[in-house]
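Structure assessment
Chain by chain, the residues:
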Amino acid sequence: MTAQIELKNIDKHYGAFHALKKVSLSIEKGSFVALVGPSGCGKSTLLRSIAGLETITSGDLHIAGKEMTGVPPRHRDIAMVFQSYALYPHMTVEENLTYSLRLHGVGKAEAKAKAAEVAATTGLSALLSRYPRQLSGGQRQRVAMGRAIIRNPKAFLFDEPLSNLDAALRVQMRKEIRALHDRLGATSVYVTHDQIEAMTMADWVVVMRDGVIEQQGRPLDLYDQPVNRFVAGFIGSPAMNFVDGVISEDGRGVVVGAGDRIPLARQAEPNRKVVAGVRPENLRVAEGAASFHFEVGNVESTGSATYLTSKDGALQLVQTERLGFSVGDRVGLDIDPALVHLFDPQTGARI
Amino acid sequence: MGVIMETGPAVGGLMRRFLASLRDGVGFDILLVGAAMVFLIAMAGLPLIYNVLMSFQQVDMFTLGSLIRPWAGFQNYIDVVREPAFWLVAKNTFIFVFFSMGGQFVIGFALALFFAQNFPGASTIRGLFLVSWVMPGLVVGAIWSWILAGDFGVLNTILKGLGIIQSNVFWKSDPAFSIWAVVIANIWLGLAFNMLLLSVGLAAIPRDLYEAAELDGANALQRFWTITLPMMRSTIGAVLSLGLIGTLQQFDLFPAITEGGPANTSTVAQYWSWQMSFQLYDFAKGATISVMMLVLVLIASIIYVRSTRHEVRG
Ligand SMILES: Nc1ncnc2c1ncn2[C@@H]1O[C@H](COP(=O)(O)OP(=O)(O)OP(=O)(O)O)[C@@H](O)[C@H]1O
Ligand SMILES: [Mg+2]
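A quick note: this is a predicted structure, and the numbers were derived from the prediction, not measured. Counting restarts for each chain, with residues numbered from 1 along the sequence as it is written. Numbering of ligands from 1 and lettering of chains from A proceed in the order in which they are written. In keeping with the predicted nature of the model, local features appear solely for residues at pLDDT of at least 70, side-chain atom pairs appear and are counted solely at 80 or more, and the whole-chain, interface and lining totals rest on all residues. Hydrogens and water are ignored here; the side-chain numbers use all heavy atoms of the structure.

Now for the overall build of chain A. Secondary structure summary: chain A contains eight helices and 20 strands in total. For chain A, the spread of C-alpha atoms along the three principal axes comes to 80 × 45 × 35 Å. Three exposure classes are used, based on accessible area relative to the maximum for each residue type with a 1.4 Å probe and protein chains only: buried under 20%, partly exposed in between, and exposed over 50%. Every one of the 351 residues in chain A was classed for burial, and the buried ones make up 50%. Whether two residues are in contact is decided by their heavy atoms, any of which lying within 4.5 Å being enough. Across chain A, the fraction of contacts at a sequence separation of at least 24, relative to all contacts at a separation of at least 6, is 65%. Surface accessibility follows the Shrake-Rupley procedure with a 1.4 Å probe radius. Residue values consider only the protein chains on display as shielding. When the accessible surface of chain A is totalled, it reaches about 15600 Å², and 50% of it is carbon and sulfur. Residues scored as positive are Lys and Arg, those scored as negative are Asp and Glu, and His as well as the terminal groups of each chain are ignored. For this purpose, a charge sits on NZ of Lys, CZ of Arg, CG of Asp or CD of Glu. The averaged location of the 38 negative side-chain charges in chain A is 8 Å from the averaged location of its 40 positive side-chain charges. Comment: elements are numbered from the N terminus, with helices defined as DSSP H or I runs of at least four residues and strands as E runs of at least two.

This is how it looks when you write it as structure tokens:
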């Protein structure tokens, strides 16, 4: 496997603002990489830097082995799908699709044939003579996709391409984009702030915060082994619970309140202050003796799952069976000690 | 008495309903439209019709005050075309309109593109261009009259300094140059307006279209041809239509710079029409010339309206 896109120590400044800080990332040929992070963390900036729409302040960027500094976007052979789709409003769907081919001097008949082929794979065949304003949001999205794939570029860049669609369509397009990626054997970089999208679509997830890559890895590795509290809280839905506590005298539990302790699978440094991280879906309602308790503040049921939130809002619990609790009940909880994460209260780093 | 008692409430009810519709119904819309219509008809419609009417009548000093005059048919039009100056004026008008509009548009577009580059101070400097727009035509004419003056004009001094010309060019009094003197002044006068409208049109094109085009492989020239120009279509149509009307209306520069001379070599239709009516008191011919111009503007407007009918934006 060779790296199709290679970033080394990329820095980007907007005036005094440091938007990307020493970002290094290697994107394998044929992989689907998701960039996730909260709003303003620099995902779009990184993507646009790869495309050449932003100039990087320092660092190395290689695409398919070639140094890209000073290479204008049109010579990078990269396709981008914008959040706004950026369809050419004065061109029909067919003209939108064939725009890049026409610029590169491809003959009329050949371009037309290629457009028909791409339209067939993206489900646009019946819409070729329409203008973008005559399309629904989902159809526009497909045109944007079609415009990208018709060129057979070295890499696809997606900047939150599904955020303007409704929930059902988003789930469907998620699958379609991933299927298309596999069929074309493409290399894709996909920006989203929706971690579910990242987890379900990508082979490799990159979590960013404030211009820094916090962690990168396979989706389930990020879920199982978050390197810090930020990644732990960002990956997984509903978000991980964080409970302040102190390691017990024997080092085998976290004391979180009078008589309450979260068990640990390994020995930890006694009396150390920690933040215990437990995922809502890993908490169980205790059958017998509970290791810790909470008071129910809110009960929500979706039919397939029940969500319990503690009175102080600090803990949330998800169970797939229907629980007959009501507000004010005191519930005993239990957890598999292997699924408890510990973080340093100051640095947030995993312990 | 009884009758009045009965109709009273009915009339009051009608009145109330009328007032209510004025307050929150279509009545208010009709009132606003009506006011504008009355104003338009009184101030523009009636004089226009009177002007057209006059172009088909025999007008002389004795019938000047009356509305109904002897019918002349197309005789005024035939007379105007037979005037010795007609073809010279037509040619001058064409030169004036075509090159004024062309110059204003091309330079205005170039400036609009230049100031769209977002360098520091771009919008401030662009704002300064408005100065030329707020200046009265007569003042602009007087300034250009000095600049273009044959013996002491600054333009001649500059051109001589650059070695482009050897001896003074008498811009205003040389028959070969007189119309161009007014064209130059008019280009300067209309530049800011063109640039401003085109700047607004440019600003309305989403940035990401250019980025998409750039990634699709378009160079700067291709982006201009395939994105900027088509997206600016309606703006360009508006600028050219308004430019045509503005140029055909341009009057102040002529008395200030050349007074149509020498020997009508810089007389254009609108100035000729004014000369006919108010210097030679041949009101029929003056009206006829203005009706001819009106037809030209009307044709241009129809072309413009048709071209914007299938708007693509949005
Ligand atoms: N042209 C610019 N000038 C100055 N600062 C900018 C510019 N573009 C982006 N920034 C800043 O850089 C940071 C990263 O922006 P970016 O658009 O990459 O965020 P993002 O991660 O894509 O966020 P979102 O999820 O909201 O799209 C933000 O704090 C933003 O304010
Ligand atoms: Mg973004």
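Moving on from the model shown.
Residue and element names in this part refer to chain A. Summarising the element assignment, serine 188 is placed in strand E8 (residues 188-191). On the basis of relative accessible area, serine 188 is assigned to the buried category, the value being 1%. What qualifies as a polar contact is a pair of N or O atoms within 3.5 Å, subject to a donor-acceptor requirement within protein and to the restriction that residues adjacent in sequence count only when both atoms come from side chains. Only 2.8 Å separates the side chain of serine 188 from the side chain of histidine 181, close enough to count as a polar contact. Setting aside residues up to four positions removed in sequence, serine 188 forms contacts with Ser31, Phe32, Val33, Phe156, Phe158 and His181.

Bringing the interface of chain A and chain B into the picture now. Between chain A and chain B, the contact holds 22 residues from the first and 19 residues from the second. Of all residues in chain A, Arg74, His90 and Leu103 of chain A give up the largest surface area on contact with chain B, accounting jointly for 29% of the area buried on that side. Criterion for a salt bridge: a side-chain nitrogen of Lys or Arg within 4 Å of a carboxyl oxygen of Asp or Glu. Counting every contact that joins chain A to chain B gives two salt bridges. One salt bridge connects arginine 151 of chain A with aspartate 216 of chain B, and the closest N-O pair in it is separated by 3.2 Å. There are nine residue pairs in polar contact (both at pLDDT 80 or more) connecting chain A and chain B. Put simply, the parts of the chain that give the side of chain A that touches chain B at least two residues each are helix H1 (43-51), strand E6 (78-81) and helix H2 (93-103) of chain A. Broken down by element, the residue count for the side of chain A that touches chain B peaks at three residues, all from H2 of chain A. We call Asp, Glu, Lys and Arg charged. Ala, Val, Leu, Ile, Met, Phe, Trp, Tyr, Cys and Pro are nonpolar, and the rest, Gly among them, are polar. Taken together, the residues of the side of chain A that touches chain B sort by class into 13 nonpolar, four polar and five charged. Accessible area that two parts lose when put together, evaluated with a 1.4 Å probe and summed over both, is termed the buried area.

It is worth spelling out the sheet that holds strand E14 (residues 273-278) of chain A at this point. Residue and element names in this part refer to chain A. Taking strand neighbours across the sheet as the criterion, the five strands line up as E13-E12-E11-E14-E20 in an open arrangement whose pairing is antiparallel. Two strands in the sheet have a free side with no partner beyond their single neighbour: strand E13 (260-263) and strand E20 (341-343). Here the average twist between neighbouring strands, direction ignored, is 45°. What makes two strands pair is DSSP finding at least two bridges between them. Axes, fitted as lines to C-alpha atoms, cover a helix only where it is in contact. Angles between the N-to-C directions of the axes lie from 0 to 180 degrees.

Residues and elements named next belong to chain A. Segmentation of chain A into domains returns domain 1 (3-234) and domain 2 (241-343). Here the bounds of each domain stem from an automatic or database domain assignment. A separation of 39 Å is found between the C-alpha centroids of domain 1 and domain 2. Both sides of the domain 1 and domain 2 interface together cover about 650 Å² of buried area, and 58% of this is carbon and sulfur. At the boundary of domain 1 and domain 2, one finds zero salt bridges. Seen at the junction of domain 1 and domain 2, the total is two residue pairs in polar contact (both at pLDDT 80 or more). Mapped by element, the contributors of at least two residues to the side of domain 1 that touches domain 2 are helix H7 (219-224) and helix H8 (229-234). Residue composition of the side of domain 1 that touches domain 2, by class: four nonpolar, two polar and two charged.

Residue and element names in this part refer to chain A. Pairing is antiparallel across the open sheet formed by five strands, whose spatial order is E15-E19-E16-E17-E18. A strand with exactly one partner marks an edge of an open sheet, and here the two such strands are strand E15 (283-285) and strand E18 (316-319). Ignoring which end each strand starts from, the neighbouring axes of this sheet average 50° apart. Relative to E18, strand E17 (residues 306-310) runs antiparallel, the two sharing four bridges. Bridge pairing links tyrosine 307 to valine 318 in E18.

Turning our eyes to something else, we now look at the domain arrangement of chain B. It is common to give the size of an interface as the accessible area that goes away when the parts come together. Residues and elements named next belong to chain B. You can read the domains of chain B as domain 1 (2-54) and domain 2 (75-309). Here the C-alpha centre of domain 2 lies 42 Å away from the C-alpha centre of domain 1. Contacts between the two partners involve four residues from domain 1 and, on the opposite side, seven residues from domain 2. When domain 1 packs against domain 2, the two sides together hide about 430 Å² of surface, and 67% of this comes from carbon and sulfur. For domain 1, the biggest contributors to the area lost against domain 2 are Asn51, Val52 and Met54; these three give 87% of the whole. Across the domain 1-domain 2 interface, the total number found is zero salt bridges. In this assembly, domain 1 and domain 2 are joined by one residue pair in polar contact (both at pLDDT 80 or more). Within the side of domain 1 that touches domain 2, the residues separate by chemical class into three nonpolar, one polar and no charged.

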